[in-house]
Amino acid sequence: MNLILIHPSEIDAANRVVLADGRARHIIHVLKATPGKKLRIGRLNGPLGEGRIERVEGSAVVLECTFETAPPERPQIDLVLALPRPKVMKRLWAQLAELGIGRIVLLRAEKVERCYFDSHVVEPGFFNELLFEGLQQARCTHLPEVLVRPLFKPFVEDELDGLFASHQKLLADPAGAGRLDDVFQPGRKTDRAVLAIGPEGGWTTYELDMLRTRGFGLFGMGERILRTDTATIGLLSMLADRMHAR
C-alpha cells in the first residue's frame, strides 16, 4: 500500500479522519507509524496530500489531513473489454486500477457466456474494493467508472459514440494483420484513447465490422493466442507507453 486513500465522506469539517479498517491495520502493523508521523494520502477522485497521525486509539488511527489544490491528471485510456471468466476478471480488477483506466466497459460478445454477467465479480460492492486496492498500490486517486453492458449491439449502436466521441479508437484481435503502431496516431489532438479487447476466442466478424464502422482501427499482437488477462495487461502497457511518448 503506497497511498492511504480516503473517501470524501470520511473527512470531517476539521479535515480529520478516523480509520479503523485494513488501512489502519496497515498503518499500525506494517508501517509501524506512531503519532506525529506523516503519511501519503489521497482523497478518492480528488487531490493527493499528507496525513499526520494525531493519535492511535487501539485499532483505530486518527489522521489530520492536508490536501493539494488540484487532483492528479485523469487517466487517458478507457477500456472496452469482453467480459472474461469471473476468476480472470477477479484477478484483473486491481491491476486495471494500477495501470490507470478512466472508464471500463464490460461487454457481452458472442463468445462470452451469458452467465458471466450473473457473477458477483461484476457487482460494485465486490469490484470497488479491488479497484480501491489497486489505486492505493499505484498512488492514484481516480476510481475508474465501470459500465456493465450484457448486450453488444445496443451498446455499440446507442452508447459507444457518445462515450468515446473524441477518442482514438483501437481494436485488438488476432485477425489484425498490423501492429499497434500501424493504427495509433501520435499526432492527433485528442489526449484520450479507448482500447477494445475481445474474448479469448476473438471477436466475431460481425462484431469486428460493427466496431470498425465506428472508427476503430484493427491491430493484432502476433501469432500467439493469449489469455485475456495477459493480453489486457500487455496491450494496456503498450498503449500507455505510446500515449506518454507523444
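See the structure shown above.
Residues numbered from 1 in each chain as written. Predicted model: local features only at pLDDT ≥ 70, side-chain atom pairs only at ≥ 80, totals over all residues. Heavy atoms only, no water.

Visitor: When you look at the overall build of the protein chain in this model, what are you seeing that I'm missing?
Guide: When its secondary structure is counted, the protein chain shows eight helices and 11 strands. Referenced to the eigenvectors of the C-alpha coordinate spread, the extents of the protein chain come out at roughly 60 × 40 × 35 Å. Expressed as a percentage of the 246 residues in the protein chain, the buried residues total 48%. The contacts of the protein chain with a sequence gap of at least 6 include a subset with a gap of at least 24, amounting to 73%. When the accessible area of the protein chain is evaluated, it comes to approximately 12,000 Å², of which 48% is carbon and sulfur surface. (Helix = DSSP H or I, 4+ residues; strand = E, 2+ residues; numbered from the N terminus. Buried < 20%, exposed > 50% of the residue type's maximum accessible area, 1.4 Å probe, protein only. Contact = heavy atoms within 4.5 Å. Areas by Shrake-Rupley, 256 points an atom, 1.4 Å probe, with all protein chains shown as cover.)

Visitor: What am I meant to see in the sheet that holds strand S1 (residues 4-6) here?
Guide: In a beta sheet, neighbouring strands pair by backbone hydrogen bonds and run either parallel or antiparallel. Taken together, five strands build an open sheet; the order of strands is S1-S3-S4-S5-S2 and the sheet is mixed. Sheet topology places S1 and strand S2 (16-19) at the edges, where each strand pairs with a single neighbour. For this sheet the average axis-to-axis angle between neighbouring strands, irrespective of direction, equals 40°. Two elements, strand S4 (residues 48-57) and strand S5 (residues 60-67), share eight bridges in a ladder whose sense is antiparallel. Bridge pairing in S5 links glycine 51 to cysteine 65. (Pairing = 2+ DSSP bridges. Axes fitted to C-alpha atoms, helices over the stretch in contact; angles between N-to-C directions.)

Visitor: Would you mind showing me how to read unusual backbone geometry here?
Guide: Residues other than glycine predominantly adopt negative phi, and peptide bonds predominantly adopt the trans conformation. Backbone geometry at asparagine 15 places phi at a positive 60°, although glycine is not the residue there. Relative to the helices and strands, asparagine 15 is located in the loop between S1 and S2. One non-glycine residue, arginine 139, lies in positive phi territory at about 60°. Considering the arrangement of structural elements, one finds arginine 139 in the loop between helix H3 (124-138) and strand S8 (145-149).

Visitor: Got a minute to help me understand the sheet that holds strand S7 (residues 103-107) in this structure?
Guide: Spatially, S8-S7-S6-S10-S9-S11 is the arrangement adopted by the six strands of the open sheet, whose pairing is parallel. Edge strands, defined here as strands with exactly one partner in the open sheet, are S8 and strand S11 (217-219). Geometrically, the sheet is characterised by an average inter-axis angle of 20° between neighbouring strands, direction not taken into account. With five bridges joining them, S7 and S8 adopt parallel strand pairing. Across the sheet, residue isoleucine 104 finds its bridge partner in S8, namely valine 146. Against the sheet, helix H2 (residues 86-99) makes contact with strand S6 (77-82), S7 and S8, and its axis sits at roughly 165° relative to S7, the strand it touches most.

So far we have only geometry, and geometry alone does not tell us how the molecule works.
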